[in-house]
Amino acid sequence: MKYDYLIVGAGLFGAVFAHEAKKKGKKCLVVEKRNHIAGNVYCEDIHGIWVHKYGAHIFHTSHKNIWDYVNQFAEFNNYINAPVARYKDELYNLPFNMNTFSKMWGIATPKEAKEIISAQIAHLNIKEPANLEEQALSLVGRDVYEKLIKGYTEKQWGRDCKELPAFIIQRLPLRFVYDNNYFNDRYQGIPLGGYTKIVEKLLEGTPVRLNTDFLANRQELETAAEKIIYTGMIDQYYDYKLGVLEYRSVRFETEELAMENYQGNAVVNYTDREVPYTRIIEHKHFEFGQQPTTVISREYSREWKKGDEPYYPVNNERNNALYEQYKALAAQENKVIFGGRLGGYKYYDMDKVIISALELCQREL
Ligand code: FAD
Ligand code: UDP
């Protein structure tokens, strides 16, 4: 065996593992099926603007050790995510906070906002929200639900809000203060020079084979290393033998426009059903860019099918139960360890992926 570890996938999970393993004197080989490293945090330079090719990425964490960890590899700016929601011709601040409520109802105080929300849901008598609709209504009332949640969520997930789990909406902060920061985390920012540089540094000194699909070169690669860290889709690894795990995919329609500033914000969500895309990202605003042109991406959400990029796992009962079956298979492996968002069939933010890779390093190395 030539290597201690074969790492499948040059995303954040694989790169953090490779970096730590190298520090411990282990020999690793990384294989990546795409023609570039960095997985979904890959950034492409378009006339000086770092374009987040697989969807906008804002680094945020509450963990000081993870913030310190990433700051070894890049300097971060002081970007704070504050998306705007557009419902027909009306504009609202996100996440749901006093700016949203005062615009929606012409009120000024938290007491007034809470009274309106209570009045809008009193007759529903929701004790334990059974689905996303009930959860959203009980948190923000009928008006905010109808204008800012229902259409966006149904476009994003391709499912009725009553068929979606309540927890999806719980990741959004709800505040009765005038604060448009989308995240509650202590640390937040965008790496100067893009995310790809971080992964480049993590992979320094480790050989990487691009355009190499592990599954298409299984025989050769399986014998190249003592152990395999697999960050691809767990069901695909097993040739879908127990069934297919569902994902939502996204089509990005990216264009460069001959103007300096298109929408005045990095993120604008389109929350009505009639507009076919869920949001428009204007990449330069993540870095306070002053370039003469701008690059925007419209995001169209759709059901994943084989061959598409898998973005959001659909963690409903059926899929979670199926994943548990694959996990049981994985537990019997003594050579292969599954990790990352595809290996774990879980929506992980970047900081959580790094935490989970570092935990694996601690157990394994
Ligand atoms: P990936 O980045 O997906 O890397 C896995 C790699 O494995 C890929 O490069 C893939 O090509 C490769 N691979 C798969 N199968 C094979 C195979 N058979 N052979 C060879 N290579 C293979 N997180 C945040 O913290 N903030 C955000 O704002 C944020 N925004 C997001 C927006 C979107 C649209 C999405 C989908 C995610 C977002 N995330 C965000 C989450 C973030 O993208 C992930 O936490 C992170 O990219 C996960 O890293 P990973 O290494 O697990 O997976
Ligand atoms: N959401 C919404 N309206 C918005 C933004 C978010 O209803 O304008 C809901 C939607 O269901 C989404 C969830 O909140 O899936 C979580 O939002 P987040 O911004 O985390 O979504 P993502 O960035 O994953 O698309």
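Before reading on, note that the structure itself is shown above.
Chemist: Sorry, what's going on with the side chain of Thr278 here?
Modeler: Following the sequence through the fold, Thr278 ends up in the loop between strand E12 (267-270) and strand E13 (279-282). Residue Thr278 is classed as buried on the basis of its relative accessible area, which comes to 2%. Once residues within four sequence positions are removed from consideration, Thr278 is found in contact with Tyr152, Lys155, Gln156, Val268, Asn269, Tyr270, Glu299 and Ser301.

Chemist: When you look at helix H10 (residues 317-331) in this model, what are you seeing that I'm missing?
Modeler: Owing to its 3.6 residues per turn, the α-helix brings residues three or four apart onto one side. Under the 1.5 Å per step criterion, the end-to-end length of H10 is 21 Å for 15 residues, consistent within 8% with the ideal 21 Å. If you check which residues of H10 are buried, you get Asn319, Leu322, Tyr323, Tyr326 and Ala330. Viewed along the axis of H10, the buried residues span an arc of 105°, placing them on a single side of the element. Projecting away from the buried face of H10 at angles above 90 degrees are the exposed residues Glu317 and Ala331.

Chemist: Just to check I follow, could you spell out the site of ligand 2 for this structure?
Modeler: Neighbouring ligand 2 are 16 residues; Leu148, Thr153, Arg171, Tyr182 and Asn269 lie closest to it. Within the side chain of Thr153, an N or O atom sits 2.8 Å from an oxygen atom of ligand 2. Here Arg279 contributes a side-chain N or O atom positioned 3.4 Å from an oxygen atom of ligand 2. Burial of ligand 2 by the surrounding chains reaches 93%, relative to a free accessible area of 510 Å². Mapped onto the shell around ligand 2, the elements with two or more residues apiece are helix H5 (132-157) and helix H6 (167-170). With six residues, the top contributor of residues to the shell around ligand 2 is H5.

Chemist: Would you take a moment to explain the nonpolar core for this structure?
Modeler: The nonpolar side chains of a soluble globular protein tend to be buried, and buried together. In this structure, Leu6, Phe59, Phe101, Phe214 and Phe286 are the most contacted members of the largest nonpolar core, which totals 109 residues. The leading source of residues in this core is H5, at nine residues. When near neighbours in sequence (up to four residues on either side) are disregarded, Phe59 contacts Ile66, Trp67, Val70, Phe76, Tyr187, Gln188, Gly189, Tyr195, Met350, Asp351 and Ile354. Within the second largest apolar cluster, nine residues are counted, among which are Val84, Leu257, Val275 and Tyr300.

Procedures and definitions
Residues numbered from 1 in each chain as written. Chains lettered and ligands numbered in written order. Predicted model: local features only at pLDDT ≥ 70, side-chain atom pairs only at ≥ 80, totals over all residues. Heavy atoms only, no water. Helix = DSSP H or I, 4+ residues; strand = E, 2+ residues; numbered from the N terminus. Buried < 20%, exposed > 50% of the residue type's maximum accessible area, 1.4 Å probe, protein only. Contact = heavy atoms within 4.5 Å. Expected span 1.5 Å × (residues − 1). Arc of directions from axis to C-beta. Near = heavy atom within 4 Å. Polar contact = N/O pair within 3.5 Å; in protein donor to acceptor, adjacent residues only side chain to side chain. Areas by Shrake-Rupley, 256 points an atom, 1.4 Å probe, with all protein chains shown as cover. Core = buried A, V, L, I, M, F, W, Y, C linked by side-chain atoms within 4.5 Å.

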